[in-house]
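Reading the structure
Chain by chain, the residues:
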Amino acid sequence: RRGRCNSDPCAFGMKIAIEPIEDALHDGQLRVLREADRFNVLECGRRFGKTHLGVQLAIETAIDGGEVGWFAPTYRYLADPWRMIEKTLGPAIIKTDRVEKRFDLLSGGSLDFWSLDSVDAGRGRRYDRVIIDEAGIVRDLGPAWQETIRATLADKQGDAWFLGTPKGRNFFHRCFERG
């Protein structure tokens, strides 16, 4: 799946061409992808491109018709990934809901954006992929993951990506240590 461009004809005779994921990432990010599993924890320093990697993963899933949940500590942390995804997917987006923080795509895929200021964010949804950006600074990441987010992956056997920088010995760091 990774690296495939979606150039199938879509509704209204439109074609969508997205740059292959490998062309958009540096060697360190590509190594992370090669070693990926169902649950992935990327704890590394600033400027590595964790959010950029997450955006590429989210786009890949959505253009293939999958459903993506993007989670961040607060709404402020959702702004950059929202803009990057909106700019990249442009004409592939058939509906943008700024109130619900959601994109629906021609491919049938979708992206939901959630603030983790509540542990119930995403409750009742089903996702093929979940991205938790800035996971190291999410106050109640443990309860949010265990009580809500993890269940959103069950029906579709989706994968999860925890992305962040080291911020003490919190739930995110413990997940990283468990490997």
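Before reading on, note that the structure itself is shown above.
My aim in this report is to walk through the structure given alongside it, one point at a time. (Residues numbered from 1 in each chain as written. Predicted model: local features only at pLDDT ≥ 70, side-chain atom pairs only at ≥ 80, totals over all residues. Heavy atoms only, no water.)

Take the overall build of the protein next. Looking only at helices and strands, the protein has five helices and seven strands in total. Traced from its N-terminal end to its C-terminal end, the protein shows the element sequence α-β-α-β-α-β-β-β-β-α-β-α. Partitioning the contacts of the protein with sequence separation of at least 6, the portion at a separation of at least 24 is 66%. Counting every atom, the protein has about 9,300 Å² of accessible surface; 47% of that belongs to carbon and sulfur. (Helix = DSSP H or I, 4+ residues; strand = E, 2+ residues; numbered from the N terminus. Contact = heavy atoms within 4.5 Å. Areas by Shrake-Rupley, 256 points an atom, 1.4 Å probe, with all protein chains shown as cover.)

Ranked by internal contacts, the top residues of the largest apolar core, which has 29 residues, are I85, L89 and L111. Contributing elements (two or more residues each) for this core: helix 1 (27-34), helix 2 (50-63), strand 2 (67-72), helix 3 (79-89), strand 4 (102-105), strand 5 (110-115) and strand 7 (159-164). At seven residues, helix 2 tops the list of elements feeding residues into this core. With sequence-adjacent residues up to four places away left out, L111 is seen in contact with A58, A62, V68, I85, L89, K101, R102, F103 and L105. F71, Y127, L141 and W145 belong to the second-largest nonpolar core, a separate cluster that totals 19 residues. (Core = buried A, V, L, I, M, F, W, Y, C linked by side-chain atoms within 4.5 Å. Buried < 20%, exposed > 50% of the residue type's maximum accessible area, 1.4 Å probe, protein only.)

With respect to the secondary-structure elements, A92 resides in the loop between helix 3 and strand 3 (93-97). For the pair A92 and L106, spaced 14 residues apart in sequence, the C-alpha separation works out to 5.5 Å.

What follows covers helix 2. Since the α-helix turns once every 3.6 residues, residues separated by three or four places project in the same direction. A rise of 1.5 Å per residue sets the reference length of helix 2, with its 14 residues, at 20 Å; its end C-alpha atoms lie 20 Å apart and thus fit the reference within 8%. Burial within helix 2 is extensive, with 13 of its 14 residues counted as buried. G65 sits one or two positions beyond helix 2 and adopts a positive phi of about 90°. (Expected span 1.5 Å × (residues − 1).)

In this section: unusual backbone geometry. Although it is not a glycine, E134 sits at a positive phi angle of roughly 55°. Position of E134 relative to the elements: it lies in the loop between strand 6 (129-132) and helix 4 (141-152). Exposure remark for E134: the relative accessible area of 23% places this residue in the partly exposed category. You will see that Q157, though not glycine, has its phi angle at about 50°, which is positive. In this structure, Q157 sits in the loop between helix 4 and strand 7.

Pairing of strand 3 with strand 4, which is carried by four bridges, proceeds in the antiparallel orientation. Along strand 4, the bridge assignment pairs I93 with L105. Bridge count for strand 4 against strand 5 is three bridges, and the pairing is antiparallel. Within strand 5, the position partnered with R102 by the bridge is D112. The turn linking strand 4 back onto strand 5 is made up of four residues, and G108 within it adopts a positive phi angle of 95°. (Pairing = 2+ DSSP bridges.)

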